[in-house]
Amino acid sequence: THLPNRHLFDKLIQNRISSGVSESLLLLINLKGLKVINALHGIEFGDQILTLTGCVLKLYTDEKQDILVASLGGDEFIIWIENSTKLKIETAIVNFDLNNNELLTPDRLGHRLQYRVSGLQFPNDATNLDEMIRKLSIAMNVAREGHLTKLVWFQAGMELKIEREQKLKNYLEKAVNHSNFKIAYQEKVDITSKETVGLEALARWSLPEFGEVSPEEFIPIITNSDLIVPFGKCIFEKVISHIPRLLDLYGKQIKISINISPIFFLYPNFNEYIIHYLMDHKIDPKNLIFEITEDVFLDEIETIQKIVFELRSKGISVSLDDFGKGYSSLHYMQKRQFDELKIDKSFLDDIACSDRNFLLLESICHLADSLGLKTIAEGIENEEQLLRLKQTTCHVVQGYLYSKPQILFD
Ligand code: C2E
Ligand code: MG
Ligand code: MG
């Protein structure tokens, strides 16, 4: 890249600091998809892109005395900028496009170069290069998660979040190995007969250090790790062990719902594992519902259809959870393959005060009715919502108004 490396960059910024510079901003630039470029066009081509990017960045250094640029190796570049402000940099980044430079035009590269940027303030956020790079990388991680923003500034909260996540991940690994989760059951109630028709099993996890950790927090960590299948098995097996007692408590007609992550669902031999486990434990598949969410890639729909078809042929029902929350809901409806639709809480929150939301709910119910699907309203909390709901064809409710999730067994 003909740019200074990390060691030289360190010396150069030390010089700047010794010569009296007391404030500056640092940016980390990460090129996206260099691996793919290497795979498609070869390492040499990838190297050329790095060289050209280096040249483009160097142009800025040569023009201005108060900017230093270095290559951190791989696909990362670091920039030190004096006499600027966060706002100026934000505006510059919005207007700046690496591809606008004649060296890097998509025509020339056969490829549009994409990149992300993270930034921090010296000395407020970090005082030495090690710490700067560490914190820029933390902010870069956040930039990677978001898809919209090109530039993310480091914030102290990010470090705490990443530390907490890392700790939770380690503890989760142990919890999965020792099956250290509890199950809370929440009733699904028929509002006409007031009878409990089903129970949803919801994972609960608590730790001495953190107390009760919400599934909203730990499920995504599990989903992004390789714990997903062992966790899925752990919860499934635990619920199966509870089913005989649940049937005694609530009657043989009751159906128990288990949330299954799409990744577990797509795991090879998922169906065989489930069917054998049920047979071995003498559990009637008719007592079981799998709830899956639609956050699967659309191109997996065909595979999902096959799995769902097979499960249903064995007597297990399948429910589409959080209906309407994602963007592919209607795709899933193209072929009737589910038994029930769980209408997402966000569609029900305002039905008592918003005619528009009520109309939307009515339309979802019509759609489900005409496709022969049962509907369940999630997250009903008050009588006003219930009154409105009674005017629709959706007669099964799961919500705090009737029952909160409860841990029934140790
Ligand atoms: P979900 O499957 O949609 O479960 C319903 C969530 O809504 C539960 O949150 C439940 O406690 C909450 N809820 C029910 N009624 C009300 C209400 O009236 N008001 C409000 N505000 N909330 C209500 P929870 O237990 O925190 O679980 C959150 C999500 O985590 C679940 O959403 C599910 O997607 C996931 N999850 C929970 N357990 C498991 C599990 O064992 N496996 C997998 N893969 N995911 C799970
Ligand atoms: Mg669910
Ligand atoms: Mg739901």
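Scroll up for the structure.
Rules and cut-offs
Residues numbered from 1 in each chain as written. Chains lettered and ligands numbered in written order. Predicted model: local features only at pLDDT ≥ 70, side-chain atom pairs only at ≥ 80, totals over all residues. Heavy atoms only, no water. Donors = N, O, S within 2.8 Å, 3.2 Å for Na, K, Ca; no water. Pairing = 2+ DSSP bridges. Helix = DSSP H or I, 4+ residues; strand = E, 2+ residues; numbered from the N terminus. Axes fitted to C-alpha atoms, helices over the stretch in contact; angles between N-to-C directions. Contact = heavy atoms within 4.5 Å. Core = buried A, V, L, I, M, F, W, Y, C linked by side-chain atoms within 4.5 Å. Buried < 20%, exposed > 50% of the residue type's maximum accessible area, 1.4 Å probe, protein only.

Around the magnesium ion (ligand 3), the protein supplies Asp321 (OD), Asp322 (OD), Glu378 (OE) and Glu378 (OE) as donor atoms, at distances of 2.0 to 2.4 Å. As a motif over one chain, the donors of the magnesium ion (ligand 3) read D-D-x55-E.

Sheet architecture is open: five strands sit in the order β2-β3-β1-β4-β5, paired in mixed fashion. Looking at strand neighbours, the two that pair on one side only are β2 (67–71) and β5 (151–153), the edges of this open sheet. Pairwise comparison of adjacent strand axes, ignoring direction, gives a mean angle of 20° for this sheet. Across three bridges, the pairing between strand β4 (residues 115–122) and β5 is parallel. Within β5, the residue paired with valine 117 across the bridge is leucine 151. The sheet contacts of helix α1 (residues 6–18) involve β1 (24–31), β2, β3 (76–81) and β4, and relative to β2 the element is tilted by about 160°.

Ranked by size, the top nonpolar core spans 75 residues in total, and within it Phe181, Phe236 and Phe290 carry the most contacts. A total of eleven residues in this core trace back to one element, the largest contributor, which is helix α9 (residues 228–250). Not counting the four nearest positions on each side in its chain, phenylalanine 236 is found in contact with Ile258, Tyr273, Ile274, Tyr277, Leu278, Leu288 and Phe290. Counting residues in each nonpolar core, the second largest holds 28 residues, with Phe45, Phe77, Ile79 and Tyr115 among its members.

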